[in-house]
Each structure stands twice: as C-alpha cells, then as structure tokens.
Amino acid sequence: MQSNVLLLDVSPIVWRAAMGAADEPNPEQAFERMLIRIMDEHPSRRVVAALDCKGPTWRHLAYPPYKGGRPEVPDVVKNVKKYHQNIILGRLGISWYHYPLAEADDILASFAAQTIDAIMVTPDKDMYPCLGINGCRIYDDSQKAWWSEDHCMEKHGVRPDQMPDYLALAGDRVDNIPGVSKVGPKKAAALLKKYDSIEGIYRTLAADDGEELGRLRERFGPIEFEVRLYKQLTSLCFDLPI
C-alpha cells in the first residue's frame, strides 16, 4: 500500500480559483497558484487529483433526478476545466484519475482505502466516512480547518461513518436527494443516535411489531426501497482499481 499521498478534490479548487479570478484575463493562473500553494502546505511523496467522469454516473443511472436542478456552471469555470485543468495538473506533476460512471468522490474514497496516511483536501461533507481510514486526514482548504470526529459530531450530530445514513434520512439539496419526509437534520441525528444506521431502523422494525414502534413503522415501512436507495446514493465506493 502506498503512503504519504495528497488527494485533491479538483472541482472545488477550480471553482474557488476561477470565480475568485473571474475578472482577470487568465483565471487559469489562479487555479495553478492555488494548487502550488496547497502542495507547498501539504508536502507529500505523491499528489493525486480526482476528476468526475464525463456524462452520467452510476448514481444517475440508479436515480435519474440525482443532482437535478443545479444552476448552470459559469463560463469562467467551464473554460478552466475544459481548456486548462488537465494541462496544469500535468505540468505540476499531479496524477489525475477519472473512471467511467464514477464521481471524484469515489476515486478519493478508493485512494483513502487503498493507501496509508493520506491527506485529502476537500470541502465536501460526503467525504466524512474517509476520515481515519488507514490514517486518512481531511483538510478543508476553504475554511483552513482539519476535520475530526468531534467536528462532525458538533456540526451534524453524527459520527463520520454515519454521514451516508444522515444524508439519506435528512436529504441533500446539493445532490437533489429528497430524504424522508418530515425528517430534518435534527431528527435524522436523533434516529441515528438511537438506531445507529438505516439498517438498524429496519432491523428494529422487523424484530419488534409492538405498538410503541407504530409511528416509526408508519413512516419508514412503506418507503423502505426509497430510503435504502438514498443511502446507496450517499455512500462512497471504496474499491475502484487505482
């Protein structure tokens, strides 16, 4: 297994750099400067950039409304991605990966699971389950903050490994995942504190048909397929070949 790898979630870096330099004649230079700064701040033996695939992902195939309703990507971001992104990554010696049907999240998670002591640079809450895997650390460059289990508990009320269940229950507007009706973030965290996971909820319902679980059964029983699908969408793939 590899060690000391810097994992870059490229899309947020492109957005921040390009939008911050939208009025400059060469916004791609801001992207390159940001990459250089991040690499200088986190020295590593190897730097890996994760890119989304072109076209639909396996999540779109499983749930066509996935990520629907997002606003149009600004031209300055499109141009940096289309004409400059991969050239700059190559020039800086950064290995970049994309796989058919896979998102950058899945690539980052697979590297975290198959390397040792990786540092991941991302602001994406979906990546919380990678925290601590083989010593993986996560840094949010936009907030200049290292993530921790305490940080996750304080902000969301759940453990990092419970984030897929939390998003499946509460919903995720960014990815157009509706979640369970009338279950917001606080209720989702309370359910996971009591039952630990979506699987725990359904195990409890299957094992106990008592009246005290009537409300839970009424809410979750008819939508089991949808709830399990939402968790599938919010869960990361850890076994891509890298």
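Refer to the preceding data block for the structure.
Residues numbered from 1 in each chain as written. Predicted model: local features only at pLDDT ≥ 70, side-chain atom pairs only at ≥ 80, totals over all residues. Heavy atoms only, no water.

Q: Please clarify how the pairing of strand β2 (residues 5–9) should be interpreted in this entry.
A: On a regular strand, one side chain projects to one face of the sheet and the next to the other, so that they alternate. Summarising burial for β2: 5 of the 5 residues are buried, a large majority. Of the two faces of β2, the one lined by Val-5, Leu-7 and Asp-9 and the one lined by Leu-6 and Leu-8 are each fully buried. As judged from the 5 bridges shared by β2 and strand β3 (residues 46–50), these two strands associate in the parallel manner. Residue Leu-7 lies in a different strand from β3, and its bridge partner there is Val-48. As paired elements, β2 and strand β6 (residues 119–121) share 3 bridges and run parallel to each other. By the bridge assignment for β6, Leu-7 is matched with Met-120. (Buried < 20%, exposed > 50% of the residue type's maximum accessible area, 1.4 Å probe, protein only. Helix = DSSP H or I, 4+ residues; strand = E, 2+ residues; numbered from the N terminus. Pairing = 2+ DSSP bridges.)

Q: Any chance you could explain the packing of helix α2 (residues 27–41) against helix α4 (residues 75–91) here in plain terms?
A: At their nearest, the axes of α2 and α4 sit 9 Å apart, and the two run at 45° to each other. When the axes of α2 and α4 are compared, the pair comes out oblique. For the element pair α2 and α4, the recorded crossing hand is right-handed. Contacts from Pro-27, Glu-28, Phe-31, Glu-32 and Leu-35 of α2 reach α4 at Val-76, Val-80, His-84, Gln-85, Ile-88, Leu-89 and Arg-91. Of the residues belonging to the contact of α2 with α4, the class tally is 7 nonpolar, 2 polar and 3 charged. (Axes fitted to C-alpha atoms, helices over the stretch in contact; angles between N-to-C directions. Parallel < 35°, antiparallel > 145°, perpendicular 65-115°, else oblique. Left-handed = near helix turned anticlockwise from the far one by under 90°. Contact = heavy atoms within 4.5 Å. Nonpolar A, V, L, I, M, F, W, Y, C, P; charged D, E, K, R; others polar.)

Q: Got a minute to help me understand the sheet that holds β2 in this structure?
A: As summarised here, the arrangement of the 6 strands in space is β4-β3-β2-β6-β7-β8, forming an open sheet in which the pairing is mixed. The sheet terminates laterally at β4 (95–97) and β8 (145–146), the two strands that pair on one side only. Docked against the sheet, helix α1 (residues 10–20) engages β2 and β3, running at close to 60° with respect to β2.

Q: Help me out: how do you make sense of unusual backbone geometry in this one?
A: Across the chain, the bulk of peptide bonds are trans and the bulk of non-glycine residues have phi less than zero. If you check the backbone angles, Asn-176 has positive phi at about 60° while not being a glycine. Along the polypeptide, Asn-176 turns up in the loop between α7 (163–170) and α8 (185–195). With phi around 65°, Lys-182 is a residue other than glycine that occupies positive phi space. Given a relative accessible area of 72%, Lys-182 falls into the exposed group.

Q: Is there a simple way to explain the environment of Trp-96 in this structure?
A: Within the fold, Trp-96 resides in strand β4. Look at Trp-96 and you get partly exposed, because its relative accessible area is 35%. Residues Trp-96 and Ile-36, spaced 60 residues apart in sequence, show a C-alpha to C-alpha distance of 15 Å. Ignoring anything within four residues of it in the chain, the contact list for Trp-96 reads Ala-49, Leu-51, Asn-86 and Leu-89.

Q: Can you help me understand the pairing of β3 in this one?
A: Buried residues dominate β3, accounting for 4 of its 5 residues. Pairing analysis gives 3 bridges linking β3 to β4, with the strands arranged parallel. By the bridge assignment, Ala-49 is partnered in β4 with Trp-96.

Q: Help me understand the layout of surface pockets, please; the structure alone is not making it clear to me.
A: To find the voids left in a structure, one rolls a probe of water-molecule size over its atoms. For the largest pocket, the calculated volume is near 1400 Å³. Forming the boundary of the largest pocket are 38 residues, of which Ser-11, Trp-15, Asp-52, Arg-70 and Lys-81 lie nearest the centre. Looking at the lining of the largest pocket, the elements with two or more residues in it are α1, α4 and α5 (104–114). Here the element with the most residues in the lining of the largest pocket is α4; it accounts for 8 residues. The residue makeup of the lining of the largest pocket, split by class, is 14 nonpolar, 8 polar and 16 charged. Taken as a whole, the second largest pocket spans an internal volume of roughly 230 Å³. Lining the second largest pocket are 11 residues, with Lys-187, Leu-191, Arg-215, Leu-216 and Arg-219 sitting closest to its centre. Contributions of two or more residues to the lining of the second largest pocket are made by α8 and α10 (214–220). (1 Å grid on protein atoms, 1.4 Å probe; cavity = no way out; pocket = protein on both sides within 12 Å on 5 of 7 lines; lining within 4 Å. Points joined across faces, edges and corners; volume = space filled by probe spheres on them.)

The quantities given are spatial measurements derived from coordinates; they are silent on function.
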